[in-house]
Amino acid sequence: MDGYTQVGSYWVESGKGSKNYSPYFPSTFNTSHWIYTSFAKAALSGYETETTKRVVTNNWAGYVYWHWMYNAGSYSTVLNRRISDRQGQYDEYGNSGSGTKYYAYNYFYAFTSTANCPYLGKDYCCSRNQESYNCHDILPADKSGIFTPRFFRFSYYVSNYVDYYKMFQYQKVEQLESETQIEASDTVSNVQEWVQYRAK
C-alpha cells in the first residue's frame, strides 16, 4: 500500500467445526450406511498460508458397532446366533453357497457408542477370526434388523478444527521533516524549530 508500512498482524477466528472419521472401516462395511457416508476416512489436516490457517485437534470419540445378520425373526438376546462381517450366503464355517445350511446375511446394522461392551470372543462369526462384543445393554429401542446383540467393532475419532484469517496492521508514512527553512504564513502554522546535536 503506497504511503503505508506494515507494522504488525494478528489472527482472527472465522469459523469452527468438527468431523468424525475412522481409518479402520472394513472393506465389507455397508457403504450406503449413514455412518460410512458421513464419516471421513482420515483425520482432517491443519494448514497455514500467508492469509489463512486451520488448527486441528484429533481425539478418540467412540466405537462403531456393526454386523451383517440373517433373517432370524424377532430380536432376541440369544448370543449363539452367528453374525458375519460380509454380505452373502455362508455356512457356519464361512463357506459361501446355497441350500439349507447356508444363511443369507443380508441385514446390516451399525451404531456408534462410547460404551466398552463386554468381549465375547471369536465364536459364531462365520469362522472369520473376528472379535465380537455383547451390546445387549446399549442397543437402541428400535432393534429392527439386529436379531442378536453380538457385534463387531472398530474405533472412530473426531477432528475438531478452528479456521482463522490474518488481519494486517498498517501505519501511514508521513514526512514530518523539512530541509528548508519554513516560515509561518496563512497556509502554514504551528512551525516548530528543532535542533539536532550529533556527537563528534
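What comes next is a walk through the structure. All values derive from a computational prediction rather than experimental measurement. Residue positions are given per chain, counting from 1 as you read along its sequence in written order. Local features in this predicted model are restricted to residues of pLDDT 70 or higher, and side-chain atom pairs are both shown and tallied only at a pLDDT of 80 or more, whereas totals for entire chains, interfaces and linings draw on every residue. Side-chain numbers here rest on the full set of heavy atoms in the structure, without hydrogens or water.

**A word on unusual backbone geometry**
This is how it is decided: Secondary structure elements follow DSSP: runs of H or I no shorter than four residues count as helices, runs of E no shorter than two count as strands, and numbering proceeds from the N terminus. Exposure is judged per residue with a 1.4 Å probe applied to protein chains only, and the accessible area is read against the type maximum: over 50% gives exposed, under 20% gives buried, and values in between give partly exposed.
The phi dihedral of Tyr124 falls on the positive side, at around 55°, and the residue is not glycine. For Tyr124, the location among the structural elements is in the loop between strand S7 (119-121) and strand S8 (132-134). The class for Tyr124 is partly exposed, based on a relative accessible area of 34%.

**A few points about the state of the cysteines**
To keep it simple, the criterion reads: Working definition: a disulfide is two cysteine sulfur atoms within 2.5 Å of each other.
Tallying each qualifying case throughout the model produces zero disulfides. Free of any disulfide, Cys117 has its nearest neighbouring cysteine sulfur in Cys135, separated by 3.5 Å. Left without a disulfide partner, Cys125 is nearest to the cysteine sulfur of Cys126, which lies 7.8 Å away. Look at Cys125 and you get buried, because its relative accessible area is 1%.

**Concerning the environment of Val158**
In plain terms, the rule: For this analysis, residues touch if any pair of their heavy atoms sits within 4.5 Å.
Position of Val158 among the secondary structure elements: in strand S9 (residues 150-172). With relative accessibility at 14%, the residue Val158 sits in the buried group. With 99 residues separating them in the primary sequence, Val158 and Asn59 have C-alpha atoms 5.5 Å apart. Excluding residues within four positions of it along the chain, Val158 makes contact with Ser18, Lys19, Asn20, Tyr21, Thr57, Asn58, Asn59 and Ala61.

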